[in-house]
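# What the coordinates show
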Amino acid sequence: MANEKAHPAIEALISKYREVVEGSPLEYTADWKAKHPGVKLVGCYPLYTPVEIIHAGGMLPVAVIGGGNRLEIAHADSRFQSFVCSIVKSTLELGLTGQLKILDGIVFHSICDPARNLASVFTRNFPDLMVEYIHFPQNLTSRHAVSYLAAEYRRVKASYEKLVGRPIDNEALCQSIRVYNEQRGLLRDLYRLRSQSPQNLSTVETYILTRIGTFLPPEEHIAILKEAIAAASRRDERLKDRIKVVLEGSFCEQPPLELIEGLEAAGCYILDDDFLLGWRWFSQDVAVEGDPIQNLARAYLDRSVYSGVKHDTREPKAKHLVDKVRETGASAVVILAAKFCEPALFDYALYRRALEAEGIPHLYLEFEEKMWIFDKARTEVETFVESMLFD
Amino acid sequence: MVFVAGIDVGGKSTKVIILDDARKVRGQAVVKTRPDFPALAREALDIALKQAGLKASDLSYIATTGFGRYNVPFRDNQITEITCVARGAAFLFPKTHSVLDIGAQSTRAVRVAEDGKVRDFRTNDKCAAGAGGFVERAAKYLEVNIDDVGELSVQADKPQTISSVCAVLAESEIINHVSAGESVQNILRGVHNSLASRAMALMKRAGLEDEITFAGGVARQKGMVQALEQALKRKVNVSAEPEMIGALGAALLGLRRLEKIRHDGHEAATKEEPRVA
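About the thresholds
Counting from 1, residues in each chain are numbered in the order their sequence is written. Chains and ligands are labelled by the order in which they are written, letters from A for the one and numbers from 1 for the other. With the structure being a predicted model, the display of local features is reserved for residues of pLDDT at least 70 and the display and counting of side-chain atom pairs for 80 or more, all residues being used for whole-chain, interface and lining totals. Side-chain metrics rest on all non-hydrogen atoms present in the structure, leaving aside hydrogens and water. Remark: exposure states derive from per-residue accessible area (1.4 Å probe, protein chains only) relative to the maximum for the residue type, with buried under 20%, exposed over 50%, and partly exposed in between. For helices the rule is a DSSP run of H or I covering at least 4 residues; for strands it is a run of E covering at least 2, with both sets numbered from the N terminus onward. This arc describes the spread of directions from the helix axis toward the C-beta atoms. By the convention used here, residues are in contact when the closest approach between their heavy atoms is within 4.5 Å. The term buried area refers to how much accessible surface (probe radius 1.4 Å) is lost by two components on association, counted for both of them together. We define a salt bridge as a side-chain nitrogen of Lys or Arg found within 4 Å of a carboxyl oxygen belonging to Asp or Glu. For this classification, Asp, Glu, Lys and Arg are treated as charged, while Ala, Val, Leu, Ile, Met, Phe, Trp, Tyr, Cys and Pro are nonpolar and the rest, including Gly, are polar. A strand pair is defined by DSSP finding two or more bridges across the two strands. Looking down the strands as they point away from the viewer, one classifies a crossover as right-handed if the path from the first strand across the helix to the second runs clockwise. Each domain's extent was defined by an automatic or database domain assignment. Polar contacts here mean pairs of N or O atoms no more than 3.5 Å apart (in protein, one a potential hydrogen donor and the other a potential acceptor; neighbouring residues in sequence count only if both atoms are side-chain atoms).

### With respect to helix H3 (residues 132–141) of chain B
All names here are of chain B.
- Regarding H3, the residues found buried are Gly132, Phe134, Val135, Ala138 and Ala139. One side of H3 carries all its buried residues, which in axial view fall inside an arc of 155 degrees.
- Following H3 by one or two positions, Glu143 has its phi on the positive side, about 55 degrees.

Laid out in structure tokens, this is it:
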């Protein structure tokens, strides 16, 4: 651990933000808002929010991604059926317990039925909160898809102009695109670093460094990422006898950090994952020349990462997963899907068939954000690792 | 001669198997699980060593399994109960392709390859209705000794249905059956049928292939074996001591690991650093 001692700043930084992530990012955000009076906050429900439009209006987009495993669900259970996933319930619980009062607006979009209905539930229950809903095009091959989505983004922009009380001009939008391009570029670098030398950057570290970008201003996050990437690049840890895997399925609801750590401790190096996908959802930079709204719409159609809630008929979803395994050099896949997550469960049928056809071993695990006991998951991962390591 | 030990620290009992390098069992022990796992594992190991006429220093490798596998500080390595039970079952019944292991706290369905390697597996949710603890609670409520449950269940002439998916609610159903004057035999068979139906669902999810070996303490109950065979519509292999299969698998894997280490010419090393010093 000599290397860790040589770069204490990054460990201290990760440790500090780990407490925030495990505790309450919303409390942290409330403190931030108190120090920045006048700045409006817009909550973004996963997955594909055009944060540039919010940022360009001088507001701060912050993720609303459930309540973690420390939030007691006391009220939301009476509003939703028992087969609805945890993130929907915990997000409503945050609202019903007043923890989302720091927000001036919140935005949902068409990712699944419970999420879609959550927008209506919020509209009814929180009349003072500006609830916005983006209808993404379902047919990505239509020649009208770009103009449709651009029109949808313009409608949303008009809504935020009303919230902030001033117009959001193209120059500000282009500047916001530049800022988020830089942030997402650094996140890609961080992921590349972890994929190339997973012994030097754990997945839980990668996760925390990504997660803080969901509640810090992007400019602040960029500075942290630069420092973290430089520090992690200097590490030189021994590569342990573990199997290398790609993790898939947790694009919306987020697992507890202990579960992520448990997967690694059970003998896996995770070379790629789909955690917090909504905050790193472009595989390439968004164009900055030309009409920014048009550029954002086109980027969603052509440059956004695949997920369980985007249906792109141009390329089978399972092919992306198989390609990811081949490109990273992983030897197996862990499907980590949230309990009752219909998109992830539907995808599993496709993934399973493709992985078996390609001879790629996989393990299917279910999780819930409100999860305290990890023995079962850990035993399952250990067994999976043993089945590949023991002859 | 080389000797290895497999220690299975399970939810109800801790089992030890000592093997020699001809894979012959030289000693074994079963001790009720209680707090202080290091002392418990040492006590169980000492009983098995005494039976084998060996000293602790005669052991070249100790592999642990079960939920307390990480809490045995003198182990060389720890292996999950799923991997161990698959290897143990395939050793006893070489044509095994599916293993059902019902322990006190959990149930596992494993699909295995010819050599006992795990191909796929499923474990039950954290739910008492799917494991041996459920039978124990039912026996306790019906004031029947757990060792008599298997024989009583076989005598049922009109098995009662226990439909609840939750052990607590199932207990209410048992109370209703008692109030309705149903016989203990018929109620116990209902409990076994309920467990067998859950086990079958788990096995189907893992992939069901002949031959099937039934492991774990619950496999000692004749009524449970009968219920499972009826549900699966085929015979299952049951060894004389099904609860020892996990410890046997741990010992076999320990021996295999030792042979590999000695063949490769390097010192024993754990997969990861032991978490207990």
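### Side note on the interface of chain B and chain A
- Each side of the interface is counted separately: chain B has 26 residues, and chain A has 19 residues.
- A combined buried area of about 2,000 Å² lies between chain B and chain A, and 48% of that area is made up of carbon and sulfur atoms.
- Applying the counting criterion to the chain B and chain A interface returns one salt bridge.
- Residue Arg69(B) is joined to Glu382(A) by a salt bridge in which the shortest nitrogen-to-oxygen separation is 3.2 Å.
- Elements supplying a minimum of two residues to the side of chain B that touches chain A: helix H2 (81–92), strand S8 (118–123) and helix H8 (245–264) of chain B.
- With five residues, S8(B) is the single largest residue contributor to the side of chain B that touches chain A.
- Its residues placed into classes, the side of chain B that touches chain A shows six nonpolar, five polar and 15 charged.

### Topic: the pairing of strand S1 (residues 41–44) of chain A
All names here are of chain A.
- Here S1 shows two buried faces, one formed by Leu41 and Gly43 and the other by Val42 and Cys44.
- Here four bridges tie S1 to strand S2 (residues 60–63), and the two strands are oriented parallel to one another. Following the sheet pairing, Cys44 is matched in S2 by Ala63.
- In this view, the connection linking S1 to its parallel neighbour S2 by way of helix H4 (residues 51–56) has right-handed handedness.
- For S1 and strand S3 (residues 105–109), the ladder comprises three bridges, and the chain directions are parallel. Looking at S3, one finds that Cys44 is bridged to Val107.

### Some remarks on unusual backbone geometry
Residues and elements named next belong to chain B.
- Going from Asp210 to Glu211, the amide bond is cis rather than trans, its omega being -10 degrees.
- On the secondary structure map, Glu211 appears in the loop between helix H6 (184–206) and strand S9 (212–215).
- With a phi close to 70 degrees, Asp36 is a non-glycine residue in the positive phi region.
- Considering the arrangement of structural elements, one finds Asp36 in the loop between strand S3 (25–32) and helix H1 (37–52).
- Classification of Asp36 as partly exposed rests on a relative accessible area of 49%.

### Observations regarding the domain arrangement of chain A
All names here are of chain A.
- Splitting chain A by domain gives domain 1 (2–171) and domain 2 (235–389).
- Contact with domain 1, which involves 50 residues of that partner, is made by 43 residues of domain 2.
- Summed over both partners, the interface of domain 1 with domain 2 comes to about 4,000 Å²; 63% of that surface belongs to carbon and sulfur atoms.
- Sorting the residues of domain 1 by area buried against domain 2 places Tyr48, Asn69 and Leu140 first, and these three jointly supply 20% of that buried surface.
- The tally of links between domain 1 and domain 2 comes to four salt bridges.
- As a salt-bridge pair, Asp291 and Arg154 come within 2.8 Å of each other at their nearest N and O atoms.
- Seen at the junction of domain 1 and domain 2, the total is 13 residue pairs in polar contact (both at pLDDT 80 or more).
- Breaking the side of domain 1 that touches domain 2 down by element, the ones donating at least two residues are helix H1 (2–6), helix H2 (8–22), H4, S2, helix H5 (86–96) and helix H7 (145–164).
- The leading source of residues in the side of domain 1 that touches domain 2 is H7, at seven residues.

### Observations concerning the pattern of salt bridges
Residues and elements named next belong to chain A.
- All told, the structure shown has 48 salt bridges over all chains when counted by the stated rule.
- Between Lys317 and Asp347 there is a salt bridge; the shortest N-O distance is 3.3 Å. With Lys317 in helix H13 (residues 317–328) and Asp347 in helix H14 (residues 342–358), this residue pair connects regions lying 30 residues apart in the sequence.
- Classification of Lys317 as buried rests on a relative accessible area of 13%.

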